[in-house]
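Understanding the architecture of this molecule
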Amino acid sequence: MGSAVITARAAATFDPVARSVATARAFVRETLQGWGYTDVIDDAVVLTSELVTNAVVHAGTAADVLCLRTEDGVRVEISDHYPEREIPLQSAGLDFGSPDRENGRGLLLCAALASRWGVEYSPTHKHVWFQLDLPDRPVGVRSSGPLLPVGLLPVTDEHVRVAVVQIDSAGSVAAWNDDAAYLFGYTADQVIGKQLTDFTAWPQTPGTNTGIADALRLSRWEGSYGIRGADGRTIPVYGSHLRVRDPQGEPSTVCLLVRDYERAVLQTPVRAPVSDATESRKTDPFEVFIGSPAPDDLDGLLQRTVERARDMLDADAAFLLLATDDETELEVRATTGLPSARQRFARVPVEAGTGRYGSARMPAVHEDLDAVPGAVPLLGNTGMRSVVTVPLKVEGRLTGSLGVAAEAAGRYSNEEALRLQFAADRIALAVESARLGELERLRRGSLSFLVEASDLLAGTLDRDQTLALMAQMTVPTLATWCAVYTIADQASEPELSYVLHEDEERIDGLKALLTRISPPEPVPTPGARVWTAPSQAAHEAALRISMRSIGIGEPGGLGSGTRTTLATAAAVGGETVVLPLVARNRVIGMLTLGKPSDDHFRQEILELAEDLSRRAALALDNARLYSERTAISQSLQRSLLPPGLPTVPNVEVDVIYRAAGEGNEVGGDFYDVFPIRDGAYGFAIGDVCGTGPEAAAVTGLARHALRLLAREGFGGPAVLERLNAAILDEGTRSRFLTLLYGELWPQEDGSALLKVVCAGHPLPLRLRQDGSVEPAADPQPLLGVMEDLELYEQAFTLEPGDVLLCVTDGVTERREGTRMLGDDGLADVLAHCTGLTAGAVAARILRAVERFAADPPSDDMAILTMRVPEPRPAS
């Protein structure tokens, strides 16, 4: 290093394995960052990557890396253990070889990027070294601008306010100055300790762009966003963020904020062009090619790359494609100068044909594409004649392809390919790093999206709501529009069930278009397949209208229907894909996603849509099964209920019935009122042990047996004794049963004679006209427990104005904590029902039960009321 004084050194040895290349890059980056030599880090990392690759991959030996620091720059030495390998020497007219070679690019990059470089030999090692000098900077001046007339200076308010906000490592506001309080209306006490995200309006597309949490973790960030003020308005601001750490090592972020139109106060000026007097070897080739500052997002970096590549070779068009993980396809990510049909995310194969010029893995120069049709699929039918393409590679792996094209033939040679390859090699690491960052954000966003989707789909068993959720989750997150087709059974045709577009005004036109065309075939093969029918039908309709507007074809004006058709054609003019909805080995529908006007889906979105379709299919099928079983259950349950209450002469009869459990219409409680013979009516109210379908089965047995036995002429005790035997005959399926059974005879004098048997059931209560309440029967053994029962009936008369109240234990056992309504509480409620009709009495009892506790009733309830009305006075 001549007379330069070495002020620091760092050394490391890396094993001959592929992952050592990445480890060596990290070692050099961290070393130079620690020394404060950020200006030369990128060049040093690129050169180290190439030279260590030569050692550990191509030479197959360990690599020794030595970093030496001086006051003026840094020297990096990479050594391997094969000194006898041929190394090209620096000399005038040196031929570095073909850019098609997979190795040897390290020395080419040294010549392009390093201030000095060389190769040294020893008996045991070979050293390749490079020297990177620090750029000269005027003392005390980082940047400056020319003198400007006052009228051209940026405009600000009379008093410029700069809000200083400090955010701790948890994202909470730790400091808030007076200018921040003035700008946004919050005092420091109101915001300190709260998350900054509570106050920010951050413009981004979830999962793709940098969010505020990401920006606060960066060492430096600058840009625009919004702060929600105390008055609810969003205030556009321009911010400059700097990540710092305190003496204890705790990180935080200092945010300087001004009104967005005063951004000139904080905005970092663009670096001035390099002086012609500066030696080209001291110019950062990355900044020369990309510009400074480089875009910090992948899309911006790729678009800047194709534009600069086009300008560098004076081309008519340029394109950049990124490789899929398996390196079998390339996805269009940025273009310039190509027709709109070459939109982002379209795919072309890596291997387009046979031979050296048919692969994107190697540089290629095509002097005339007309002579080799299909050599570059992306340029088919674009008018481009000559093209040069070069691969983007990182550690020997294909990560993309960069190409430029011209309309004239014979424009490019190997010299232009070498220049473009230098540029591709220089940006490959930056592109791959940005791509991996974007992929990681997409994966995090996808995981969050699928978790939320699963929760939403699991939260409903309603078919229509499931269809709506499927569409609303895909639009606009995954697609511009969505249509869901359902298939009722294997013999049915697909039916259009739901249509959604991000623009609600397009839904009707889109639905009309999809109704006119045949639905997609229900293919069970997993994955997305392209469906061209919607875009073809829309384009044909738009073409007919266009011809009609110029007087060709059928006459007609450009009315609202015409405008709708044209808008629909634009809405479905892009790529349309169909994903099968497969559940339990059967296609139950299709999820159709569409893009507008020549847009394509990216592979990550299709994979996410496929994951969503699997979850949605299962949710849709569960909703279908639930609906079917609910319909069957409700139909069977309704068959267990009495067909209706008969009209009993001179007696009011009313019933309120509530079954516990969602979807249940009948439970373990039951009631019945039915005619036995002329002038006589039977009534019953009972409670089977338990709830649900098993209890409902015993309910059906008891109700039908009561009717049959009563109409055969058996009295109350005999009816219940035979019902008891029938229940015991059920064996293990039998359940004990409490039952109040009675017979009612309306009398000519306006009263009613009743005979009742109360088998283990809550006693019936009789309300007299004077407000007194008393039990109307004595308790007797319940049914379904003992074989030999000796039951007896009790007779009494309901006088005009009297009420008989019969309930199940779901009423009397209503609880709130340790309190229970009980028989006494029910009697107190009934005592205040004097003069009410039978229906009003039942309703008041129900209200009292519901209001007794905050939670909804958990037991079945039946309330049967009978009242003998008072005689009407003669008019």
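Since this is a predicted model, take the numbers as computed values, not measurements. Along each chain, residues carry numbers from 1 onward, in the same order as the chain's sequence is written. Two thresholds apply to this predicted model, a pLDDT of at least 70 for residue-level local features and 80 or more for giving and counting side-chain atom pairs, whereas whole-chain, interface and lining totals are computed over all residues. Side-chain measures were taken over the full set of non-hydrogen atoms in the model, leaving aside hydrogen atoms and water.

Thoughts on the sheet that holds strand S10 (residues 234-245)
Heads up, the rule is: For two strands to be treated as a pair, DSSP must find at least two bridges joining them. Under the scheme used here, helices are H or I runs from DSSP no shorter than 4 residues and strands are E runs no shorter than 2 residues, and both carry numbers assigned from the N terminus.
Read from one edge to the other, the open sheet built from six strands follows the order S7-S6-S11-S10-S9-S8, with strand pairing classed as antiparallel. Each having just a single partner strand, strand S7 (173-176) and strand S8 (200-201) make up the two edges of the open sheet. Bridging between S10 and strand S11 (residues 251-259) involves nine bridges; their strand directions are antiparallel. Considered in S11, the bridge of Tyr238 is made with Val258.

Some words on the nonpolar core
Side chains that are nonpolar tend, in soluble globular proteins, to be buried together. For clarity, the cut-off: Only buried residues count toward a nonpolar core. Its members are Ala, Val, Leu, Ile, Met, Phe, Trp, Tyr and Cys residues joined through side-chain atoms within 4.5 Å. Burial classification: accessible surface area is computed with a 1.4 Å probe over protein chains only, and a residue below 20% of its type maximum counts as buried, one above 50% as exposed, and the rest as partly exposed. By definition, residues are in contact when any of their heavy atoms lie within 4.5 Å.
Membership of the largest hydrophobic core comes to 49 residues, with the highest contact counts inside it found for Met470, Leu514, Leu581 and Leu593. No other element matches helix H14 (residues 603-640), which puts nine residues into this core. Among residues more than four places away in sequence, those in contact with Met470 are Leu457, Val484, Leu581, Leu591 and Ala616. The next biggest cluster of nonpolar side chains, apart from the first, holds 34 residues, and it includes Val28, Val52, Val56 and Cys67.

A look at the side chain of Thr812
Positionally, Thr812 belongs in helix H17 (residues 809-812). Residue Thr812 is classed as buried on the basis of its relative accessible area, which comes to 6%.

Details of unusual backbone geometry
Excluding glycine, a negative phi dihedral is what most residues carry, and trans is how most peptide bonds are arranged. Here the residue pair Val475 and Pro476 is connected by a cis peptide bond, since its omega of 0° sits within 30 degrees of zero. Relative to the elements of secondary structure, Pro476 occurs in the loop between helix H10 (463-474) and strand S18 (481-486). Phi at Asn650 takes a positive value of approximately 65°, unusual for a residue other than glycine. Here Asn650 lies in the loop between H14 and strand S23 (652-658).

Concerning the packing of aromatic side chains
Note the cut-off: A pair of aromatic rings is counted whenever rings of Phe, Tyr or Trp (Trp by its six-membered ring) have centres within 6.5 Å, and the orientation is called stacked for planes under 30 degrees apart, edge-to-face for over 60 and tilted otherwise. Two conditions define a charge located above a ring, namely a distance within 6 Å from the ring centre to NZ of Lys or CZ of Arg, and an angle within 35 degrees of the ring normal.
Here the structure, examined in full by the defined rule, presents six aromatic pairs. With a centroid separation of 5.8 Å and an interplanar angle of 55°, the aromatic rings of Trp176 and Phe184 are classed as tilted. Taken individually, Trp176 and Phe184 each receive the classification buried, so the pair is uniform in this respect. The interplanar angle of 65° and the centroid separation of 5.0 Å between the aromatic rings of Tyr186 and Phe199 together place this pair among those described as edge-to-face. Note that Tyr186 is positioned in the loop between helix H4 (178-184) and helix H5 (188-191) and Phe199 in the loop between H5 and S8, a separation of 13 residues in sequence. Accessibility classification places Tyr186 together with Phe199 in one group, the buried group. It is Arg75 that lies over the ring of Trp129; its NZ or CZ is 4.1 Å from the centre. Between the NZ or CZ atom of Arg161 and the centre of the ring of Tyr182, over which it lies, the distance is 3.7 Å.

Digging into the confidence of the model for the protein
Here is the rule: Values of pLDDT, which run from 0 to 100, indicate the predictor's confidence residue by residue.
Confidence along the protein averages 81 in pLDDT terms, with 84% of residues attaining 70 or more. Segment residues 84-103: pLDDT under 50, and 30 contacts once partners within four positions in sequence are set aside and those in other chains are kept. Under a pLDDT of 50 for its full length, residues 353-357 has, in the predicted model, seven contacts with residues more than four places off or in other chains.

Details of the pattern of salt bridges
Using the following cut-off: Here, a salt bridge means any side-chain nitrogen of Lys or Arg that lies within 4 Å of a carboxyl oxygen of Asp or Glu.
A full pass over the atoms with the stated rule returns 27 salt bridges. Note that Arg259 and Asp157 form a salt bridge whose closest N and O atoms lie 3.1 Å from each other. Taken together, the residues span a long stretch of sequence, with Arg259 in strand S11 and Asp157 in the loop between strand S5 (126-133) and strand S6 (163-168) at a distance of 102 residues. By relative accessible area, which is 30% here, Asp157 ends up partly exposed. The salt bridge partner of Asp611 is Arg614, with a shortest N-O separation of 2.1 Å. Here Asp611 pairs with Arg614, and both are found in helix H14, just three residues apart, close to one helical turn.

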